[in-house]
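Each chain, written out:
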Amino acid sequence: MTLALALATCGGGGKGDTPTVPAVPTPLIGRDDDLDVARARLDSHRLVTLVGPAGIGKTRLAVEVAAREASSVAHGVRFVDLAPVTDGDKSFATLARAC
């Protein structure tokens with residue numbers, strides 16, 4: 001399964017307004033186009049998934065987008081790591097619990 005993570009903007013009544021975004025460990029280099037696309041998609045959709053083969057930087061890109069968007073989204077941005085989810089049917093429940 002190549003789906004590794006998702007970014008979700010959450011409505012009110014969830015886990016509060018505190019974003020659950022991992023710390024940004026290093027500057028993001030050379031991903032400006034990907035960053036712009038991901039941020040634009042998050043502006044028009046509550047859920048954005050990043051897919052691709054292992055090791056291409058999906059998680060790093062998602063963390064950067066989440067960190068940059070957290071202050072501009074009314075109820076916060078949640079980083080949801082779906083890597084541990086081995087049953088695709090449980091993805092939605094995992095996302096719902098994050099908000």
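Just so you know, these numbers come straight off a predicted model, no measurement behind them.

What counts, and at which threshold
- Residues numbered from 1 in each chain as written.
- Predicted model: local features only at pLDDT ≥ 70, side-chain atom pairs only at ≥ 80, totals over all residues.
- Heavy atoms only, no water.
- Helix = DSSP H or I, 4+ residues; strand = E, 2+ residues; numbered from the N terminus.
- Buried < 20%, exposed > 50% of the residue type's maximum accessible area, 1.4 Å probe, protein only.
- Contact = heavy atoms within 4.5 Å.
- Areas by Shrake-Rupley, 256 points an atom, 1.4 Å probe, with all protein chains shown as cover.
- Polar contact = N/O pair within 3.5 Å; in protein donor to acceptor, adjacent residues only side chain to side chain.
- Salt bridge = Lys/Arg side-chain N within 4 Å of Asp/Glu carboxyl O.
- Axes fitted to C-alpha atoms, helices over the stretch in contact; angles between N-to-C directions.
- Parallel < 35°, antiparallel > 145°, perpendicular 65-115°, else oblique.
- Left-handed = near helix turned anticlockwise from the far one by under 90°.
- Nonpolar A, V, L, I, M, F, W, Y, C, P; charged D, E, K, R; others polar.

**Structural notes on the overall build of the protein**
Of the regular secondary structure elements, the protein holds three helices and three strands. Across the protein, helices and strands are ordered from the amino to the carboxyl terminus as β-α-β-α-β-α. Counting over 99 residues, the protein shows a buried share of 37%. When contacts within the protein are restricted to residue pairs at least 6 apart in sequence, long-range pairs at least 24 apart make up 81% of them. As displayed, the protein offers around 5,800 Å² of accessible surface, 55% of which is attributable to carbon and sulfur atoms.

**Looking at the environment of Glu64**
By secondary structure assignment, the location of Glu64 is in helix H2 (residues 58-69). It is 9.0 Å that separates the C-alpha atoms of Glu64 and Val21, two residues lying 43 residues apart in sequence. Here Glu64 is in contact with Val24, Leu28 and Leu35, once residues within four sequence places are set aside. Engagement of the side chain of Glu64 in a polar contact is seen with the side chain of Arg68, the distance being 2.8 Å.

**Re the pattern of salt bridges**
Counting across every chain of the model gives three salt bridges. With its nearest N and O atoms 3.1 Å apart, the salt bridge here joins Glu64 to Arg60. Placement of both Glu64 and Arg60 in helix H2 is noted, with a separation of four residues, approximately one turn of the helix. By the burial criterion, Glu64 is buried, and Arg60 matches it. A salt bridge links Arg68 to Glu64; the shortest N-O distance between them is 2.8 Å. Residue Arg68 and its partner Glu64 are located together in helix H2, separated by four residues, close to a single helical turn. Exposure remark for Glu64: the relative accessible area of 9% places this residue in the buried category.

**Describing the packing of helix H1 (residues 32-44) against H2**
Interhelical geometry of H1 versus H2 gives an angle of 55° and a closest axis separation of 10 Å. The orientation of H1 relative to H2 falls into the category oblique. Judged by the twist between their axes, the crossing of H1 over H2 is right-handed. Between H1 and H2, the contacting residues are Asp34, Leu35, Ala38, Arg39, Leu42 and Asp43 on the first element and Leu61, Glu64, Val65, Arg68 and Glu69 on the second. Taken together, the residues that form the contact of H1 with H2 break down as five nonpolar, no polar and six charged.

Purely geometric stuff here, so don't read any function into it on its own.
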